[in-house]
Amino acid sequence: MSTGYLRGLFKQKQKIFQSAFFFQQQQQPTELLPNLVHMSVTSFKIKVPASSANIGPGFDVLGIGLQLYLTITVTIDPSIDTSSDPHHALLSYEGDGKVPFESNENLITQTALYVMRCNGIKDFPRGTHIHVNNPIPLGRGLGSLASAIVAGVYLGNEIGNLKLDKYRLLDYCLMIERHPDNIAAAMLGGFIGSYLNELSSEDSQLITVPLDYILPKVKNGELITPQNKIVSQQPPNNIGQYVEYKWNKKIKCLTIIPNFELSTDLSRSVLPKNYQLPDIVYNLQRIAILTTALTQDPPNHKVIYQSMKDKLHQPYRFGLIPGLNTVLQKITPESYPGLCGICLSGAGPTILCLATDGFEKIANDVIEIFKQEGIECDSKLLDLAYDGATVEYGS
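First, a word on scope: everything that follows refers to the structure included in this document. (Residues numbered from 1 in each chain as written. Predicted model: local features only at pLDDT ≥ 70, side-chain atom pairs only at ≥ 80, totals over all residues. Heavy atoms only, no water.)

Attention now goes to empty space enclosed by the protein. Under the defined criterion, the tally for this structure stands at two cavities of 30 Å³ or more. Size it by volume and the largest cavity reaches roughly 360 Å³. Together, 26 residues line the largest cavity, and Gly143, Glu177, Asn182, Thr264 and Ala347 are the ones closest to its centre. Elements represented by at least two residues in the lining of the largest cavity include exactly α1 (3-10), α3 (144-159), α5 (180-188) and α8 (264-269). The leading source of residues in the lining of the largest cavity is α3, at three residues. Classifying every residue of the lining of the largest cavity by side-chain character gives seven nonpolar, 12 polar and seven charged. (1 Å grid on protein atoms, 1.4 Å probe; cavity = no way out; pocket = protein on both sides within 12 Å on 5 of 7 lines; lining within 4 Å. Points joined across faces, edges and corners; volume = space filled by probe spheres on them. Helix = DSSP H or I, 4+ residues; strand = E, 2+ residues; numbered from the N terminus. Nonpolar A, V, L, I, M, F, W, Y, C, P; charged D, E, K, R; others polar.)

This part covers unusual backbone geometry. For the bond from Asp297 to Pro298, the omega torsion is 0 degrees, close enough to zero to count as cis. Within the element layout of this structure, Pro298 appears in the loop between α9 (277-293) and α10 (301-307). In this structure, the amide linkage connecting Gly348 to the following residue, Pro349, adopts the cis form with an omega of 5 degrees. With respect to the helices and strands, Pro349 occurs in the loop between β10 (339-344) and β11 (351-355). Of note, Asp60 is a non-glycine position whose phi angle comes to about 65 degrees, a positive value. Within the secondary structure, Asp60 is located in the loop between β1 (42-53) and β2 (62-76). By relative accessible area, Asp60 is classed as partly exposed at 22%. The backbone of Asn220 sits at a positive phi, close to 55 degrees, despite the residue not being glycine. With respect to the helices and strands, the residue Asn220 is situated in the loop between β6 (218-219) and β7 (222-223). (Buried < 20%, exposed > 50% of the residue type's maximum accessible area, 1.4 Å probe, protein only.)

Spatial ordering of the open sheet is given by β10-β11-β9-β12, a layout of four strands whose pairing is antiparallel. Here the strands that pair on one side only, and so sit at the sheet edges, are β10 and β12 (377-382). For this sheet the average axis-to-axis angle between neighbouring strands, irrespective of direction, equals 20 degrees. Pairing analysis gives five bridges linking β10 to β11, with the strands arranged antiparallel. (Pairing = 2+ DSSP bridges. Axes fitted to C-alpha atoms, helices over the stretch in contact; angles between N-to-C directions.)

Structure representation (structure tokens):
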């Protein structure tokens, strides 16, 4: 899929609003957050973890949820009347990067509108304020887009009082982000394997419609996507399949985050259209070992390290990430006894190091390698987020 369009949803000029929503609905009011009809104030908070995908040899297959959370806080006060937003939803934002604040251009609210539209709901409730707090760096390989999509799907589910479970919500997510590894890790949490199911020809056509039919394009406040192309049909059931693996909690996730963005589109563009059979077998052998090796206690550092090697995507991305090849060659268990494994996080440029100790030395030395390439880095030591996305209502 084209993530270039999704990235554009994040990157417009930032404006600050204090806000609220007005709800126009096509269903009975009592079906949509029932408390609203009594003019009471309703609040809830959605939390979605960051994620790391392509774990070792698991290109487009393995992902982990990480304890770094995108949080959206929603407060609905029907006594506040606002109508300045096209869908009666204004937002505020703090965190990495700049994002659009119009509900028909912001990725989170556009995604929520898609879920609502598929269930006969046009707009957001009157009197609602959405505050987005996003510490997940944009375009660094830590699943910022996946977190926003999952948050938007959750938002639509809560606003519409749809009561959909996580697996059905994943179907909505996969209509927008067609690679399930990050999405599944952000939604379900923990250590997740995933694949796309083989669908009927009719369902396959639906899930491959252009992205702007799902998230309509808007330019200068004007709708660009033809109205008759906008999808309001619910997604097919069971688009993806998911399994949660166990994880040895002694193994921590050390992320070293270079200070430049790398788009998924660009990172994918350097990959070959066809692969050599020995390279495919190389990854298949390692992924079969890795998913068990990460559960064993005590961790076998050597086995994990060897089984986290890859020949399907990392070698092709060396030219996009100065220092990556040096990092993979020099940061080994022989030099850093606490290291279990090392790989590119997602499409990069973040480096994911799995380790049991020696975190500071590993981080400092990776940072120094990048510094020699003129690249500054941050680092974060994270545990897995086992609960995935959650929603909590205020008292």
